[in-house]
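Coordinates in review
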Amino acid sequence: MITLSYDLHIHSCLSPCGNDDMTPANIVGMAVVNGLDLIALTDHNSCKNCPAFLAAAREYGICALPGMELTTAEEVHVLCLFSDLKDALAWDEYVYAHLIPVKNNVEIFGKQQIYNENDEICGTIPNLLINAADIGFDQVYELVTSFHGIMIPAHLDKTSTSLLSNLGFIPPDSRFTCAEIQDMTRFHEIKKSNPYLEKCRIICDSDAHYLEHIHLPQYTISVKSKDPKDILSALNTQP
């Protein structure tokens, strides 16, 4: 087994709330400087900066996963991670077609910039990416699995846009096996109120919107290999 330090919840400047310095290459470079082994790009409702992100990761020699932070119909945030870029981009198309079609107002919400492999702006997204999609939380597991990805309810301990804050409970028919918490010191408290989490792998990520917020190598996961499929399998398996 190999132990990898990770940060699997990072936003680029494609997310309207992401800082302009959060270009795909800058994100990867900062992760390398910080000493991380594994990172994922998870912009709001989009995977369109993942090609440039993965190209930069190959250049720097760091493990990277394409991903997205989906906003469900209940405005619950869910990380969706993939081992293959084609699957991530297919998921991107599906989600964008299910977003509430409201045009982005750059002055209010911020830019939504797509970058190419040379870390140059090559486009923008017209519809606001922080809107909810018409995808219910109870649909996410089956849908993401059909695109060969995994779902991870994001920041369960957050007081907004989380499964526990917005629904108030973990649905008993849930099938996810990995969940994210921002403050690991609260895990035992949250687990006591939500015994479903006993069977889940718990991860802690930065949810970085600024370069300086990307994690240092504090949290780790053991994997069979650095193959993205093995990484997803490890994330999806109870420790």
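Each remark here, short or long, concerns the structure printed above.
So, a few notes on the structure that sits alongside this text. (Residues numbered from 1 in each chain as written. Predicted model: local features only at pLDDT ≥ 70, side-chain atom pairs only at ≥ 80, totals over all residues. Heavy atoms only, no water.)

**Observations concerning helix H3 (residues 85-97)**
Taking 1.5 Å per residue, 13 residues should reach 18 Å; H3 reaches 19 Å between its end C-alpha atoms and fits that length. For H3, the complete set of buried residues consists of Asp 87, Ala 88, Trp 91, Asp 92 and Val 95. Summarising the axial view, the buried residues of H3 lie within an arc of 145 degrees, below the 170-degree limit, and thus occupy one face. Of the exposed residues in H3, the ones pointing more than 90 degrees away from its buried face are Lys 86, Glu 93 and Ala 97. (Helix = DSSP H or I, 4+ residues; strand = E, 2+ residues; numbered from the N terminus. Expected span 1.5 Å × (residues − 1). Buried < 20%, exposed > 50% of the residue type's maximum accessible area, 1.4 Å probe, protein only. Arc of directions from axis to C-beta.)

**A look at the sheet that holds strand E4 (residues 77-82)**
Across the sheet, six strands lie side by side as E7-E4-E3-E2-E1-E10; this open sheet has mixed pairing. The open sheet has two edge strands with one neighbour each: strand E7 (149-153) and strand E10 (220-223). Each strand of the sheet is rotated relative to its neighbour by a mean of 30 degrees, with strand direction disregarded. Summarising the sheet, strand E1 (residues 2-10) and strand E2 (residues 38-44) pair through three bridges and their orientation is parallel. By the bridge assignment for E2, Ile 10 is matched with Leu 41. Across the face of the sheet, H3 comes into contact with strand E3 (63-71) and E4 while running at roughly 15 degrees to E3. (Pairing = 2+ DSSP bridges. Axes fitted to C-alpha atoms, helices over the stretch in contact; angles between N-to-C directions. Contact = heavy atoms within 4.5 Å.)

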